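Commentary on secondary and tertiary structure
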Amino acid sequence: METDHEAVPLNLADIDASTWRELETAASSPQSAFRFLNLCSVDAEQRPQARMVVLRRADGSSRVLEFHTDTRSPKWRELSANPRVTVLGFCAQTRLQFRLRGTVELHASGSDQANAAWDKLSTWTRTTYAGGPPGDDRAFDAIDEAAPSKAVDEAKGKPHFGLLIFRARTLDWFELCRQDNRRALFTYDATGALAACRWVNP
Ligand SMILES: Cc1cc2nc3c(=O)[nH]c(=O)nc-3n(C[C@H](O)[C@H](O)[C@H](O)COP(=O)(O)O)c2cc1C
């Protein structure tokens, strides 16, 4: 599918700005490759753990990305113990890889932030939090053709809904380009301002 990707700029500040514009756009466009990102945490045994998540919101001025998850999931436990994460994405069309390192804040059900995010979810999305704990053995209800289908109570999901707010401290930007791969590193301060940037060997 054709999408309007900007030509990759040469100037480092422009590359930084265009990366965050791309992420902001991706948060609201299901066709964008960066709509789905790999969120990598470290578990209690110091093993890396990776999984895909949907990018729900991006803010280039504060260098923040937002994700949603179930607070009963292993990732929630891992992130509660160690909030340091890497977020990885790749777009086959532009051949760009973004590798962001930073920390996550966890906002569980009942917090203002989680409530506000929950209020904006569709009914269908809310029901995805209403099932059993993620990763537990699946308990299938006995099929009873005669019984009317049981509507899933979306409110049941709310206590399990969690919001992850990721703040990037570094961006490792990589462009795959046959003869001339390019790579640049960006560092952000605690407010999200660009503190340093440089080209590095790919
Ligand atoms: C394309 C895609 C998008 C996904 N988005 C999310 C998401 O936004 N939040 C989430 O918790 N899990 C999402 N998942 C499921 C996770 O990848 C993962 O399987 C699940 O959350 C369990 O992860 P954990 O055992 O590490 O906690 C997604 C899976 C796929 C394939």
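Here, the structure is the one placed above.
A brief report on the enclosed structure follows. Quick caveat, the model's predicted, so the values are computed rather than measured. (Residues numbered from 1 in each chain as written. Predicted model: local features only at pLDDT ≥ 70, side-chain atom pairs only at ≥ 80, totals over all residues. Heavy atoms only, no water.)

1. Structural notes on the pairing of strand 9 (residues 194–200)
- Strand direction decides the pairing type here: strand 8 (residues 182–188) and strand 9, joined by six bridges, are antiparallel. Following the sheet pairing, leucine 185 is matched in strand 9 by arginine 198.
- A loop of five residues connects strand 8 with strand 9, the two strands running antiparallel in sequence, and glycine 192 in this loop sits at a positive phi of about 100°. (Pairing = 2+ DSSP bridges. Helix = DSSP H or I, 4+ residues; strand = E, 2+ residues; numbered from the N terminus.)

2. As for helix 2 (residues 74–81)
- Looking only at helix 2, the buried set comprises Lys75, Trp76, Glu78 and Leu79. The buried residues of helix 2 occupy an angular sector of 165° when projected down its axis, which confines them to one face. Turned more than 90 degrees from where helix 2 packs its buried face, Arg77 and Ala81 sit exposed. (Buried < 20%, exposed > 50% of the residue type's maximum accessible area, 1.4 Å probe, protein only. Arc of directions from axis to C-beta.)

3. Digging into the pattern of salt bridges
- Scanning all chains against the criterion turns up 11 salt bridges.
- Across the pair arginine 47 and aspartate 43 runs a salt bridge whose closest N-O atoms are separated by 2.8 Å.
- Its relative accessible area of 7% is what places aspartate 43 among the buried residues.
- Taking the shortest distance from any N to any O, the salt bridge between glutamate 175 and arginine 182 comes out at 2.8 Å. In this pair, the class of glutamate 175 matches that of arginine 182, namely buried.
- Each of Asp43, Glu45 and Arg47 takes part in a single network of salt bridges with overlapping partners. (Salt bridge = Lys/Arg side-chain N within 4 Å of Asp/Glu carboxyl O.)

4. Focus: the site of the ligand
- Taken together, the residues surrounding the ligand are Phe36, Arg51, Met52, Val53, Val54, His68, Thr69, Ser73, Pro74 and Lys75.
- Take methionine 52: an N or O atom from its main chain is 2.8 Å from an oxygen atom of the ligand.
- For the ligand, the protein covers 58% of the area, taking 620 Å² as the surface of the free molecule.
- Counting only elements with at least two residues in the shell around the ligand, the list comes to strand 2 (48–54), strand 4 (64–70) and helix 2.
- A total of four residues in the shell around the ligand trace back to one element, the largest contributor, which is strand 2.
- Broken down by class, the residue content of the shell around the ligand amounts to five nonpolar, three polar and two charged. (Near = heavy atom within 4 Å. Polar contact = N/O pair within 3.5 Å; in protein donor to acceptor, adjacent residues only side chain to side chain. Areas by Shrake-Rupley, 256 points an atom, 1.4 Å probe, with all protein chains shown as cover. Nonpolar A, V, L, I, M, F, W, Y, C, P; charged D, E, K, R; others polar.)

5. A look at the nonpolar core
- The biggest cluster of nonpolar side chains holds 31 residues, and the ones touching the most others in it are Leu23, Leu55, Leu65, Phe67, Leu100 and Phe166.
- Leaving out residues up to four positions away in the same chain, leucine 65 has contacts with Trp20, Leu23, Leu37, Leu55, Arg57, Ala58, Val87, Leu100, Leu164, Ile165 and Phe166.
- Ranked by size, the runner-up nonpolar core spans nine residues in total, among them Trp118, Tyr129, Phe161 and Leu163. (Core = buried A, V, L, I, M, F, W, Y, C linked by side-chain atoms within 4.5 Å. Contact = heavy atoms within 4.5 Å.)

6. Observations concerning the pairing of strand 2
- Summarising the sheet, strand 1 (residues 36–42) and strand 2 pair through seven bridges and their orientation is antiparallel. By the bridge assignment for strand 2, serine 41 is matched with glutamine 49.
- Turn length for the strand 1-strand 2 hairpin, with the two strands adjacent in sequence and antiparallel, is five residues, and the turn residue glutamine 46 shows positive phi of about 65°.

7. Considering the environment of alanine 184
- Relative to the elements of secondary structure, alanine 184 occurs in strand 8.
- When its relative accessible area of 0% is taken as the criterion, alanine 184 is described as buried.
- Sequence separation of alanine 184 and leucine 171 is 13 residues, and the distance between their C-alpha atoms is 8.2 Å.
- In this structure alanine 184 touches Leu12, Leu171, Asp172, Trp173, Arg198, Trp199 and Val200, once residues within four positions along its chain are discounted.

8. Observations concerning the packing of aromatic side chains
- Counted according to the given criterion, the structure contains six aromatic pairs.
- Judged by centre distance (5.2 Å) and plane angle (85°), the ring pair of tyrosine 129 and phenylalanine 161 falls under edge-to-face. Note that tyrosine 129 is positioned in the loop between helix 4 (123–127) and strand 7 (161–175) and phenylalanine 161 in strand 7, a separation of 32 residues in sequence. One exposure class covers both tyrosine 129 and phenylalanine 161, and it is buried. (Phe/Tyr/Trp six-rings, centres within 6.5 Å; stacked < 30°, edge-to-face > 60°.)

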